[in-house]
Amino acid sequence: HVSLSVNKGEVLGLVGENGAGKSTLMKILSGVYRADEGEIFIEGEKVIIDSVAKAHELGVSIIMQELNMCGHLSVADNIFIGRAPKKGMFIDDKRMHREAKAILDDLGIDLDTYAMVGSLSIAKQQMVEIVKAVSFNGNIIVMDEPTSSLSNEEVEQLFQIISVLKEKKVSIIYISHRMEELFRISDRVTVIRDGAYVGTSKTNETNANELV
């Protein structure tokens, strides 16, 4: 019994106490779980999201709180894992790194595409996940507690990337318990409680006490 919407180029904050259903709802949207009932519309068209691959095809990606990276592979390998450009039977390594670098540059992220992901900080690994999401022509990106393991400086870097994504009309659903973050970067906030929708407010028309 939850209904929510997100507009183009908007950051929608999604809040609720632990167990409210935030992550479950977003896993349904991103194809990790299959919905038992209800409907999902993207660009006004009803869609059925029955797998992560289908979600990616529709431009929906989720960045989990626990990052899912292959530490022994490079940044470019992680971005294009399972779908690397090929030349005949073999991976076209130069093209893959070139395309990865183009997306990184477009988002203003300074990362070496040849660096092993396992050698990167959590913040930089998260940036790789964001680039991976964008590389699927991501129109909707879900971020689940993205700042839980970041320093203040790294949080600032994440917010800069979110600003760039907004300018590119990417929609972001941002799950967080940190009120100061929500009031800084979100346009609207939706509250759910015990698996049910409570309400949505424009961020600049509410306050922390009201949300709580």
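Now for a quick tour of the structure. (Residues numbered from 1 in each chain as written. Predicted model: local features only at pLDDT ≥ 70, side-chain atom pairs only at ≥ 80, totals over all residues. Heavy atoms only, no water.)

Considerations on unusual backbone geometry
Although it is not a glycine, Lys169 adopts a positive phi angle of roughly 65°. Following the sequence through the fold, Lys169 ends up in the loop between α6 (152-167) and β8 (171-175). For Asp194, which is not a glycine, the phi torsion comes out positive at approximately 50°. Tracing the backbone shows Asp194 in the loop between β9 (188-193) and β10 (196-202). (Helix = DSSP H or I, 4+ residues; strand = E, 2+ residues; numbered from the N terminus.)

Quick word on the environment of Asp194
Assessed through its relative accessible area of 61%, Asp194 is described here as exposed. For the pair Asp194 and Gly16, spaced 178 residues apart in the sequence, the C-alpha separation amounts to 8.4 Å. Ignoring any residue separated from it by four or fewer positions in sequence, one finds Asp194 in contact with Glu17 and Ala20. (Buried < 20%, exposed > 50% of the residue type's maximum accessible area, 1.4 Å probe, protein only. Contact = heavy atoms within 4.5 Å.)

A short note on the nonpolar core
One finds Ile109, Met143, Leu158, Ile162, Leu165, Ile172 and Tyr174 to be the most contacted residues of the largest nonpolar core, which totals 42 residues. Excluding residues within four positions of it along the chain, Ile162 makes contact with Val11, Met143, Ile172, Tyr174 and Ile185. Formed by 16 residues, the second largest nonpolar core is a distinct cluster that contains Ala20, Ile40, Ile42 and Ile173. (Core = buried A, V, L, I, M, F, W, Y, C linked by side-chain atoms within 4.5 Å.)

Here's the deal with the side chain of Thr203
Topologically, Thr203 is positioned in the loop between β10 and α8 (208-211). When its relative accessible area of 5% is taken as the criterion, Thr203 is described as buried. Once residues lying within four places of it in the same chain are set aside, the contact partners of Thr203 are Leu182, Phe183, Ser186, Asp187, Arg188 and Val189.

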